[in-house]
Every structure is written in structure tokens, then in C-alpha cells.
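# Structural characterization, general
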Amino acid sequence: MNGSFVQRGPARSAAHHQSYDALDITRFMRPGTNALAIRFHHTGVARPYHEQTRPGLLVQLEMVHDGKTSILGTDRQWKMMRDPSWDSESPRINRWHDASVDIVDLRQRPDDWSRPGFDDRLWPAA
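Structure report, in brief.

When helices and strands are tallied, the protein chain shows 0 helices and 2 strands. Of all 126 residues assigned to the protein chain, the portion counted as buried reaches 11%. For the protein chain, the proportion of contacts with a sequence separation of at least 24, taken over those separated by at least 6, is 52%. Working note: accessible area of the protein chain is about 11000 Å², and carbon and sulfur atoms make up 50% of it.

Listed below in C-alpha cells is the structure:
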């Protein structure tokens, strides 16, 4: 939130019984424009003994100001980009685990992407 790290996830759950993390981010908010930025990582590897599903992210931010509640949630207005610092071709650890070798080149990560004022105009819709 506004360039500050809030929490690491995920809220692990089964497809038939979703769970979620509830966070109070009030201390990270400030007057004026705020930036809510989320890093979501999916290895993209196939799992031999699990149902094939696609990755996803749902976010809901509830704000109360002067007794009025506003809700901001993930929708078609959200933007995304693939992090060029992660090697998407990195090999799986082995065929029995849902994990891959993390190969990351932090020199490729865009600067200040999680701060207010970052220019995301070239990012596609999520």
C-alpha cells in the first residue's frame, strides 16, 4: 500500500471452500491519492494429481469516511503486468511437487510500481 509491504499470502483454500485474509490497512493510507498494488505469483506449472484450474485474485477494499462506506474491488478497471524479473521458463523441482525453481533477476523489476503516481497507462487490463 503506497509502496509499503503489508502482508505475504496466500490465503490457502480449496476450490470448493474459499478462504481469505482480512487486513486493516488504515495505517498505510494517507490523505489524497493512494496506491493499492498487489504482487501475485503463479508458477504456471501443471500438477499431475490435482484438478486443472486457472489462477485468480479477488480483492475487496472497504473504506468508511464520514459514516459512508465505499467498496473498491477487482474488476475490469484493474491493470496488470507480467513481472519481467521472474524467469517463466524455470524448471519444476520435480514432477510430484507444485513448485518450480525461482530464478529472479531483480535488475529487471520496474521501479516504484507500487507507489502513487506510477504510470501504468501501457499496462493491459487484468
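Okay, the pairing of strand 1 (residues 60-65) next. Remember that side chains alternate between the two faces of the sheet whenever the strand is regular. Where strand 1 meets strand 2 (residues 68-73), 6 bridges bridge the pair, whose relative direction is antiparallel. Paired with methionine 63 across the two strands is serine 70, which belongs to strand 2. From the end of strand 1 to the start of strand 2, which pair antiparallel, there are 2 residues, and aspartate 66 there has a positive phi angle of about 55°.

Rules used in this analysis
Residues numbered from 1 in each chain as written. Predicted model: local features only at pLDDT ≥ 70, side-chain atom pairs only at ≥ 80, totals over all residues. Heavy atoms only, no water. Helix = DSSP H or I, 4+ residues; strand = E, 2+ residues; numbered from the N terminus. Buried < 20%, exposed > 50% of the residue type's maximum accessible area, 1.4 Å probe, protein only. Contact = heavy atoms within 4.5 Å. Areas by Shrake-Rupley, 256 points an atom, 1.4 Å probe, with all protein chains shown as cover. Pairing = 2+ DSSP bridges.

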